[in-house]
Amino acid sequence: MQTTLDNFRERILAASASGTALQIQGGGSKHWYGQEVQGEVLDTRAYSGILAYDPTELVLTARSGTSLTEIETALAAQNQMLAFEPPHWGTGATIGGVVAAGLSGPRRPAVGAVRDFVLGVSLMNGQGQILEFGGQVMKNVAGYDVSRLLTGSMGCLGLLLDISVKVLPRPFAETTLVFALSEADALTRLNQWAGQALPISASCWHVGRLMLRLSGAEAAVRAARARLGGEEMYDATDFWTALREQTLDFFQQEEEHGLWRLSLPSTSLALKLTGKTMIEWGGAQRWLYSTEKPELIRLTALAAGGHASLFRGGDKSIGVFAPLSAPVEKIHKRLKNTFDPAGIFNPGRMYKGW
């Protein structure tokens with residue numbers, strides 16, 4: 001793989017010298033996410049393969065261009081998983097794209113986000129230097145936790161190379177319960193249950209139905225099932241996969257006004273916004289199709305203690321991600337300038353103009 005790294009370095013140095021933008025991309029499954037992409041494609045798939053995997057240590061290390069399917073297949077053979085349930089959104093998803101996008105699936109509130117599972121990364125910066133952060137152990141506190149900083153950075157800081165992630169065993173038992181509840185009642189129940197010792201691993205509310213997944217030891221799941229009531233869903237695996245991959249009918253709607261993603265405190269009440277809503281993560285993630293003005297949607301989310309992003313579709317000229325405060329924007333720009341002085345990596349992918 002040294003030849004591949006040398007080729008990456010050559011392209012990066014040439015781009016930095018000429019000011020040519022580079023669009024870092026794996027399988028392109030998340031090509032649409034964020035602001036419009038720019039520049040020549042730098043394909044990471046030439047740098048692929050699982051470097052190390054010890055099931056007893058619950059750690060896997062792979063090159064950034066390794067397909068997500070390959071990694072999940074290797075883990076499944078040992079009855080293990082990427083617990084944060086990263087979405088594929090196509091057949092070409094790579095582990096580098098998973099970390100760069102920083103997106104988690106239905107299990108996120110129970111186990112943590114992508115960044116909580118990234119133990120270490122290596123990265124090639126805008127000067128062609130390979131930098132290493134973190135390691136391959138769960139307790140690594142030396143220096144700044146830059147590996148977490150890179151999670152969700154959308155490839156704007158550099159080219160991810162090697163990535164070490166924590167993995168977890170699959171649960172022994174799993175079942176999904178369905179309850180007929182209004183949005184307000186569902187939010188109340190979810191917050192009540194969150195304070196109790198229940199093996200809840202995912203939740204989703206939509207049009208009067210609350211789906212609740214229980215995962216863990218057989219005895220714990222059986223006891224929770226008897227305690228909570230509800231009706232059992234028999235096609236649950238397909239449902240949660242479709243939710244993660246956004247292939248449910250809800251996500252196939254007209255996107256003229258765009259699909260909004262609202263990140264809120266789970267205790268937030270139902271928002272007074274017109275439109276169609278789906279709620280995940282115990283109330284902390286809410287999907288919204290609405291004809292309301294973008295400014296009102298963002299102000300409503302802000303007033304509730306969260307923020308709103310234009311996730312897919314709509315008019316990206318308003319800015320996909322929530323505007324940053326002046327101090328935070330300054331930090332972002334300083335980080336960008338430190339890792340990528342010439343500004344060649346995915347310029348404008350997160351925020352227009354930088």
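Just above, that's the structure.
Criteria and thresholds
- Residues numbered from 1 in each chain as written.
- Predicted model: local features only at pLDDT ≥ 70, side-chain atom pairs only at ≥ 80, totals over all residues.
- Heavy atoms only, no water.
- Salt bridge = Lys/Arg side-chain N within 4 Å of Asp/Glu carboxyl O.
- Helix = DSSP H or I, 4+ residues; strand = E, 2+ residues; numbered from the N terminus.
- Buried < 20%, exposed > 50% of the residue type's maximum accessible area, 1.4 Å probe, protein only.
- Pairing = 2+ DSSP bridges.
- Axes fitted to C-alpha atoms, helices over the stretch in contact; angles between N-to-C directions.
- Phe/Tyr/Trp six-rings, centres within 6.5 Å; stacked < 30°, edge-to-face > 60°.
- Lys NZ or Arg CZ within 6 Å of the ring centre and 35° of its normal.

Participant: Account for the pattern of salt bridges, with residues named and values stated.
Facilitator: A full pass over the atoms with the stated rule returns 10 salt bridges. Linking R148 and D116 is a salt bridge whose minimum nitrogen-to-oxygen distance equals 3.4 Å. With R148 in helix α5 (residues 146-150) and D116 in the loop between α4 (108-111) and β6 (118-124), the pair connects residues that are 32 residues apart, well separated along the chain. For R148, a relative accessible area of 36% corresponds to the partly exposed category. Classification of D116 as partly exposed rests on a relative accessible area of 26%. D340 is the partner of K336 in a salt bridge, and the nearest nitrogen-oxygen pair spans 2.7 Å. For K336, a relative accessible area of 10% translates into the label buried. When its relative accessible area of 1% is taken as the criterion, D340 is described as buried.

Participant: Tell me what's going on with the sheet that holds strand β4 (residues 59-63), and back it up with residues and numbers.
Facilitator: What the five strands build is an open sheet, ordered β3-β4-β8-β6-β7; its pairing is antiparallel. If you trace the sheet from one side to the other, it starts and ends with β3 (50-54) and β7 (130-134), each paired once. If you compare each strand with its neighbour and ignore which way they point, the axes differ by 10 degrees on average. The sheet contact formed by β4 and strand β8 (residues 159-166) spans five bridges and is antiparallel.

Participant: Outline the packing of aromatic side chains, listing residues and values.
Facilitator: Using the criterion set out here, one finds 16 aromatic pairs in the structure. Relative to W193, the ring of F179 has its centre 5.3 Å away and its plane inclined at 45 degrees; by these criteria the two rings are tilted. Here the residue F179 occupies a position in strand β10 (residues 173-180), and W193 occupies one in helix α6 (residues 183-194), the gap between them amounting to 14 residues. Feature note: the residues W32, Y33, W89, F250, F251, W287, Y289, F311, F321 and Y351 constitute an aromatic cluster, connected by ring pairs. The ring centre of Y47 lies 5.3 Å from the NZ or CZ of R63, which sits over that ring.

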